[in-house]
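Chain by chain, the residues run as shown.
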Amino acid sequence: MSHLSAEELSLKAKEVIVQYIDKCDTLKQKERTKIPAQEMPTQDPFIRRTNLNEVAIGFSEEQARIEAMRCLQCIKKNCVDDCPVGIDIPGFINKIAHGDFESAAQIIKQTTLLPAICGRVCPQETQCQLHCAVGKALKDVDKSVAIGRLERFIADWERKKGKRILPEMKPPTGKRVAVVGSGPAGLVVAADCKREGHHVTIFEAFHKLGGVLRYGIPEFRLPNEIIDKEIETLNEMGVEIITNFVVGRTRKLMDLIEKDKYDAVFVGTGAGLPVFMGIEGENLVGVFSANEYLTRANLMHAFEKDKADTPMFSSKKVAVFGGGNVAMDSARMAKRFGAEEVFVLYRRTENEMPARKEEVQHAKEEGVEFHFLENAKRIVGDDHGCVKGIECLRYELGEPDESGRRRPHEIKNSEFIVEVDTVIVAIGNGSNPLISQTTPQIKVNKRGNVLVDETQKTSMDRVFAGGDIVLGAATVILAMGEGRKAAASINLMLAKETESETKKKMYTVSDM
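Everything in this summary refers to the structure shown in the same document. (Residues numbered from 1 in each chain as written. Predicted model: local features only at pLDDT ≥ 70, side-chain atom pairs only at ≥ 80, totals over all residues. Heavy atoms only, no water.)

## With respect to the sheet that holds strand β6 (residues 287-289)
Backbone-to-backbone hydrogen bonds pair the strands of a sheet. The strands run either parallel or antiparallel. Rules: We call two strands paired when DSSP finds no fewer than two bridges between them. Runs of E in the DSSP output that reach at least two residues are strands. Runs of H or I that reach at least four are helices, and both are numbered from the N terminus. What counts as an axis is a line fitted to C-alpha atoms, over the stretch in contact for a helix, and the angles between N-to-C directions run from 0 to 180 degrees. Contacts: residue pairs with any heavy atoms within 4.5 Å of one another.
Taken in spatial order, the 5 strands make up an open sheet running β6-β14-β7-β8-β9, and their pairing is parallel. One side of each edge strand has no neighbouring strand; the edge strands of this open sheet are β6 and β9 (369-372). Put simply, the sheet's adjacent strands are angled 20° from each other on average, direction ignored. Where helix α15 (residues 290-298) meets the sheet, its contacts fall on β6 and β14 (422-425), and the angle it forms with β6 comes to roughly 80°. Across the sheet, helix α16 (residues 325-336) is in contact with β7 (317-321), β8 (341-346), β9 and β14; its angle to β8 comes to roughly 165°.

Right, here's the structure in full:
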């Protein structure tokens with residue numbers, strides 16, 4: 001990345017756009033592939049690692065239009081096929097290229113109410129951008145049309161202009177849908193069921209909506225203000241929201257159907273159960289799950305040291321175990337909390353890391369170190385029960401495993417000690433067990449994930465599920481895709497019931 005300022009990148013874009021703006025509709029495919037891909041403006045690394053402000057600043061209007069002109073408007077829409085919620089990607093990008101941002105927003109809102117979120121945190125490079133014809137022509141997925149950044153641009157433009165576009169809603173049906181959990185899957189179900197005219201209630205255990213979007217993703221990647229604005233759309237649609245309500249404790253799941261008379265229930269309680277490595281020393285003071293560490297930072301405002309009721313552990317040297325986006329978030333947050341040294345331990349190489357390239361690059365720019373082909377054998381404590389180091393092993397890679405990544409093998413007698421005072425374990429999360437523990441009618445697999453059929457229906461009548469509670473820890477957009485499938489199934493079930501009830505009334509009247 002060049003780290004030119006937003007102003008400098010915008011000025012460059014203004015110089016470039018004059019070459020293309022008058023022939024937007026007549027550009028040939030080869031000409032479009034030669035249009036320069038636009039760089040995302042970001043905060044300076046040395047400044048941003050001291051604050052929680054968003055790292056990526058967003059495209060200017062000129063940058064967005066230039067990037068949109070790179071789209072070939074393919075007949076075979078691979079990008080749409082690869083999008084879990086099926087956004088009309090060529091459609092909204094074409095509108096951006098012509099400067100019709102309002103129409104672009106309308107197209108996006110036909111499919112999703114969370115474009116500002118998806119445009120920021122979804123791994124577009126492994127989904128909608130993976131088979132982009134431009135990326136294929138240039139033989140580099142990183143040179144595909146920046147679909148996610150364009151989606152974000154439109155969402156931000158709409159918010160800044162105050163042009164909130166609400167989806168069309170059908171007349172009230174009298175049917176009631178309960179949504180348990182307000183993560184990405186639950187929010188999609190709430191929106192899609194409300195569009196069909198059903199009364200929808202979201203039950204959220206925390207005091208704020210958003211689920212993993214709020215407690216699991218730092219504000220430097222996804223500001224809380226963005227989450228709040230997206231959720232305001234649900235408020236304006238008339239979705240009922242009840243917070244501090246733990247289904248399974250405050251109210252049993254069965255009671256929502258039998259006592260509260262909900263016609264359908266969607267369970268989207270996520271994968272918030274931390275997974276540890278099972279090694280010696282994980283109970284020492286100074287060892288955190290990434291889940292706890294990020295929740296303290298994101299939801300409980302531990303960054304505001306003078307105001308926080310639950311201040312963060314003071315660290316100088318931090319080790320993070322794991323190689324996914326959550327590990328990157330934890331490492332980068334530790335830097336912002338003032339740690340002098342932060343390093344990520346990963347037992348494979350950088351090529352096998354599941355984290356997004358952009359997140360890894362940002363972490364490196366902010367001073368996070370990476371120790372590849374290494375992993376912890378045990379965590380070492382001092383006489384007071386606090387972390388003072390980790391004993392590590394070196395690894396080498398063998399043949400690929402079931403994930404397609406080369407399997408790591410430890411190198412015998414390669415142990416060595418590294419001094420640290422804090423350890424963050426970011427190797428994954430398990431499904432929230434509360435629903436399955438309090439509702440034995442719902443079947444789960446050996447990992448605790450809720451079992452569903454092809455319609456997202458659980459083993460319990462009228463209860464559907466989706467997102468991380470079914471998939472395990474997955475991406476935001478995959479959870480949204482599950483929510484879309486579940487909502488479609490719920491809406492179909494309730495439509496059939498409404499039709500049946502209407503016919504029954506008609507027969508009753510004719511018999512009188």
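From this point, things continue past the structure.
## Things to note about the layout of surface pockets
This is how it is decided: Here a cavity is any set of points on a 1 Å grid over the protein atoms alone where a 1.4 Å probe fits but cannot get out, and a pocket is any open set with protein on both sides within 12 Å along at least 5 of 7 lines; a residue lines the site when it has an atom within 4 Å of a point. Grid points are joined across faces, edges and corners, and a volume is the space filled by probe spheres set on the points. Side-chain classes are defined by residue name, with Ala, Val, Leu, Ile, Met, Phe, Trp, Tyr, Cys and Pro counting as nonpolar, Asp, Glu, Lys and Arg as charged, and the others, Gly among them, as polar.
The volume enclosed by the second largest pocket comes to roughly 210 Å³. Contributions of two or more residues to the lining of the second largest pocket are made by α1 (6-17), α4 (61-69) and α10 (147-161). Element by element, the count of residues in the lining of the second largest pocket is highest for α10, at 6 residues. Looking at the lining of the second largest pocket residue by residue, the classes come out as 6 nonpolar, 4 polar and 5 charged.

## So, the packing of aromatic side chains
Here is the rule: Only Phe, Tyr and Trp rings are paired, with Trp represented by its six-membered ring, and only when their centres lie within 6.5 Å; those with planes under 30 degrees apart are stacked, over 60 edge-to-face, the remainder tilted. Working definition: with a 1.4 Å probe on protein chains only, accessible area under 20% of the residue-type maximum means buried, over 50% means exposed, and in between means partly exposed. Counting as a charge over the ring demands two things of the Lys NZ or Arg CZ atom: a distance within 6 Å of the ring centre and an angle within 35 degrees of the ring normal.
Scanning the model with the defined rule gives 9 aromatic pairs in all. Between phenylalanine 206 and tyrosine 215 the ring centres are 5.9 Å apart and the planes differ by 70°, which places this aromatic pair in the edge-to-face class. Judged by its relative accessible area of 33%, phenylalanine 206 falls in the partly exposed class. On the accessibility criterion, tyrosine 215 (12% relative accessible area) is buried. An aromatic cluster of at least three residues, connected via ring pairs, comprises Phe288, Tyr293, Phe313 and Phe337. Positioned above the aromatic ring of phenylalanine 370, the side-chain terminus of lysine 364 is 5.9 Å from the ring centre.

## A short note on the pairing of β8
Heads up, the condition is: The path from the first strand over the helix to the second decides the hand: if it runs clockwise while the strands point away from the viewer, the crossover is right-handed.
By the criterion of burial, β8 is predominantly enclosed, with 5 of the 6 residues buried. The pairing of β7 with β8 spans 5 bridges and is classified as parallel. When the bridges of β8 are listed, valine 320 appears paired with valine 344. At this point the chain moves from β7, through α16, to the parallel β8, and the crossover so formed is right-handed. Two elements, β8 and β9, share 4 bridges in a ladder whose sense is parallel.

## Digging into helix α17 (residues 357-365)
Of the residues making up α17, those classed as buried are Glu359, Val360, His362, Ala363 and Glu365. Where the residues of α17 are buried, they touch α3 (45-48), α16 and β9.

## Side note on empty space enclosed by the protein
Under the defined criterion, the tally for this structure stands at 3 cavities of 30 Å³ or more. In terms of lining residues, the largest cavity is bounded by 17 residues, among which Cys71, Cys74, Cys79, Cys132 and Ala133 are the most central. Counting only elements with at least two residues in the lining of the largest cavity, the list comes to α5 (78-81), α6 (89-97) and α9 (133-137). Here the lining of the largest cavity takes 3 residues from α6, the largest share from any one element. When its residues are assigned to classes, the lining of the largest cavity shows 12 nonpolar, 3 polar and 2 charged. Looking at the second largest cavity, its volume works out to about 100 Å³. Cys83, Gln124, Cys128, Glu151 and Ile477 are, among the 13 residues lining the second largest cavity, the residues nearest its centre. The set of elements that each furnish at least two residues to the lining of the second largest cavity consists of α6 and α10. Here the residues of the lining of the second largest cavity sort into 10 nonpolar, 2 polar and 1 charged.

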